[in-house]
Amino acid sequence: MTPSLVIDNIGLLITNDPEIGERRDVSIVFEHERVAAVLPAGSTAGAADSRIDAGGRCLIPGFVDSHTHLVFAGDRSNEFAARMAGAPYAAGGIRVTTAATRATSTTELVALAQARRDAAFACGITHIEIKSGYGLDVETEARLCAAAAELTDDVTFLGAHVVPSEFADDPDAYVDLVCGPMLDACAPRARWIDVFCETGAFDYAQSRRVLLAGRAAGLGLRVHGNQLGHGPGVQLAVELDAASVDHCTYLSDADVDALASSQTVATLLPATDFSTRQPYPDARRLLDAGVAVALATNCNPGSSYTSAMAFCIALAVRDMQMTVSEALSAATLGGARALRRSDVGHLGIGARADAVLLDAQSPTHLVYRPGMPLTAKTLSRGALVFSAE
Ligand code: NIG
């Protein structure tokens with residue numbers, strides 16, 4: 001039988017569940033990797049295989065990181081340093097990581113990604129989406145999807161990240177490859193297809209072809225759009241009912257209106273804008289228009305080498321005019337919605353037993369004490385996967 005776990009003496013429990021809501025002085029019971037009950041503190045003595053004393057601190061749903069590029073090799077800290085000295089961010093840096101990744105064995109790539117996954121646990125991330133996109137040839141993209149599939153069931157095929165150098169003279173031939181043999185090799189491991197619809201990557205027509213080919217292969221749709229300037233990414237995502245359009249830094253009124261009347265989530269990646277010295281997306285404008293918003297880390301070696309979701313929440317509150325409650329919801333429920341999942345992002349009865357014990361009395365501390373290590377414990381599927389104490 002799967003062991004049961006009680007976390008007792010929780011000072012503040014945030015569930016994101018409409019019926020349970022926020023509770024003070026409670027315990028939570030996990031059984032069979034799921035949330036089984038929320039009870040008054042101290043009322044569960046002797047009823048579990050193991051127990052954790054929360055010490056009056058705050059328990060929140062685990063963070064759902066719906067946008068990462070965790071499988072890669074190589075280092076681009078020099079590019080980051082150059083940017084801090086005034087150079088602009090450009091999509092072309094992806095090719096630098098591609099060269100290093102192609103030269104690395106699958107075993108080593110899995111080990112590198114596993115270490116980053118463990119770092120994400122330490123940051124309170126209990127569910128993660130992982131993209132390919134640093135292979136850009138059939139064999140390496142298939143290896144990246146296989147590596148990602150060892151770490152998550154939300155694998156995204158991103159062969160259309162940029163056009164690799166060997167296709168520089170014929171980008172449409174590369175799109176043919178992505179929509180044909182590369183998709184055939186990657187789709188069995190993937191749940192999603194994504195495309196970087198941006199100047200310097202893929203235009204509207206190319207992006208549409210990629211997404212439609214992915215849909216025909218049974219994959220759900222995601223889009224990188226409106227990151228470096230105004231462009232067609234958001235409109236394309238809405239047109240094709242993509243689950244999410246990610247970045248959304250440059251939006252027209254028509255883009256916001258289109259998102260507001262769609263099921264497409266706007267996933268904001270503020271650590272990227274921090275690391276690339278871009279403006280932050282206007283989260284307030286999106287929320288006030290009724291757009292569903294997610295926050296994600298975009299952990300990758302070029303534009304955002306971090307899994308610190310608490311940092312993203314702090315930026316969202318400090319610089320994007322989100323409330324703490326909106327930002328926490330966007331980093332949990334919002335991420336789940338961006339991945340079209342109902343089993344994660346909340347602690348309702350029957351939800352996956354994914355939670356973070358904060359070394360703090362409330363989520364406000366994530367913003368109030370920026371950069372502090374406030375993840376006391378991370379639980380994934382009812383098991384302890386990180387403990388700072
Ligand atoms: O989401 N925008 C495209 N892809 C990544 C950056 C990848 C890189 O620079 O290596 C992103 O920011």
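Residues numbered from 1 in each chain as written. Predicted model: local features only at pLDDT ≥ 70, side-chain atom pairs only at ≥ 80, totals over all residues. Heavy atoms only, no water.

1. Topic: the domain arrangement of the protein chain
Under the domain assignment used here, the protein chain contains domain 1 (5-61 + 346-387) and domain 2 (63-338). Taking the mean C-alpha position of each, domain 1 and domain 2 sit 30 Å from one another. Across the contact, 19 residues belong to domain 1 and 15 residues belong to domain 2. For the pair domain 1 and domain 2, the two sides together bury roughly 1,400 Å², of which 71% comes from carbon and sulfur. In this assembly, domain 1 and domain 2 are joined by zero salt bridges. Remark: the boundary between domain 1 and domain 2 carries five residue pairs in polar contact (both at pLDDT 80 or more). For the side of domain 1 that touches domain 2, the elements supplying multiple residues, two or more each, are strand 5 (58-61), strand 14 (355-358), helix 13 (364-368), strand 15 (375-380) and strand 16 (383-387). (Domains from an automatic or database assignment. Contact = heavy atoms within 4.5 Å. Buried area = accessible area lost by both parts, 1.4 Å probe. Salt bridge = Lys/Arg side-chain N within 4 Å of Asp/Glu carboxyl O. Polar contact = N/O pair within 3.5 Å; in protein donor to acceptor, adjacent residues only side chain to side chain. Helix = DSSP H or I, 4+ residues; strand = E, 2+ residues; numbered from the N terminus.)

2. Structural notes on the site of the ligand
Around the ligand, the surrounding shell holds 15 residues, and the nearest of these are R76, Y89, Y134, Q227 and S303. Y89 is positioned with one of its side-chain polar atoms (N or O) 2.5 Å from an oxygen atom of the ligand. With respect to the ligand, the side chain of Y134 contributes an N or O atom lying 2.6 Å from an oxygen atom. Coverage of the ligand by the protein chains reaches 100% of its 330 Å² of free accessible surface. Residue composition of the shell around the ligand, by class: four nonpolar, ten polar and one charged. (Near = heavy atom within 4 Å. Areas by Shrake-Rupley, 256 points an atom, 1.4 Å probe, with all protein chains shown as cover. Nonpolar A, V, L, I, M, F, W, Y, C, P; charged D, E, K, R; others polar.)

3. As for unusual backbone geometry
Positive phi outside glycine occurs at R277, with the angle close to 55 degrees. With respect to the helices, strands and loops of the structure, R277 is situated in the loop between helix 9 (270-276) and helix 10 (283-288). The exposure class of R277 is exposed, given its relative accessible area of 57%. If you check the backbone angles, Q321 has positive phi at about 60 degrees while not being a glycine. Structurally, Q321 is set in the loop between helix 11 (309-320) and helix 12 (324-338). Taking the relative accessible area as the measure of exposure, Q321 reaches 48% and is therefore partly exposed. (Buried < 20%, exposed > 50% of the residue type's maximum accessible area, 1.4 Å probe, protein only.)

4. Re the nonpolar core
Residues F63, F157, L286, L295 and I313 are the most contacted members of the largest nonpolar core, which totals 89 residues. A domain-level breakdown of this core finds at least three residues from each of domain 1 (5-61 + 346-387) and domain 2 (63-338). The next biggest cluster of nonpolar side chains, apart from the first, holds 20 residues, and it includes V35, L59, A355 and A376. (Core = buried A, V, L, I, M, F, W, Y, C linked by side-chain atoms within 4.5 Å.)

5. Describing the packing of helix 5 (residues 171-186) against helix 6 (residues 204-216)
At their nearest, the axes of helix 5 and helix 6 sit 10 Å apart, and the two run at 10 degrees to each other. Between helix 5 and helix 6, the angle falls in the class roughly parallel. Taking contact as the criterion, the partners of P171, D172, V175, D176, V178, C179 and L183 in helix 5 are, on helix 6, Q206, R209, V210, A213 and G214. The residue makeup of the contact of helix 5 with helix 6, split by class, is seven nonpolar, two polar and three charged. (Axes fitted to C-alpha atoms, helices over the stretch in contact; angles between N-to-C directions. Parallel < 35°, antiparallel > 145°, perpendicular 65-115°, else oblique.)

6. Describing the sheet that holds strand 6 (residues 63-65)
Spatially, 6-7-8-9-10-11-12-13 is the arrangement adopted by the eight strands of the open sheet, whose pairing is parallel. Two strands lie at the open edges of the sheet, namely strand 6 and strand 13 (293-295), each paired on one side alone. Between one strand axis and the next, the sheet turns through 25 degrees on average, direction left out of account. Examined bridge by bridge, strand 9 (residues 192-197) and strand 10 (residues 220-225) share six bridges and lie parallel to one another. Counted as the bridge partner of W192 is G220 from strand 10. Contacts from helix 4 (residues 138-149) reach strand 7 (125-131) and strand 8 (154-160) within the one sheet, and its direction differs from that of strand 8 by about 165 degrees. (Pairing = 2+ DSSP bridges.)

7. Focus on the environment of P181
By the element assignment, P181 lies in helix 5. Looking at P181, the relative accessible area reads 45%, which means it is partly exposed. In sequence terms P181 and D253 are 72 residues apart; their C-alpha atoms lie 38 Å from each other. Leave out the neighbours within four places in its chain, and P181 touches V138 and D176.

8. So, the pairing of strand 1 (residues 5-14)
Summarising burial for strand 1: nine of the ten residues are buried, a large majority. Of the pairings in the sheet, the one linking strand 1 to strand 2 (residues 22-31) comprises seven bridges and is antiparallel in character. Within strand 2, the position partnered with I7 by the bridge is I28. In this structure, strand 1 lies alongside strand 5, joined through two bridges in parallel fashion. Pairing of L12 across the sheet is with C58, part of strand 5.

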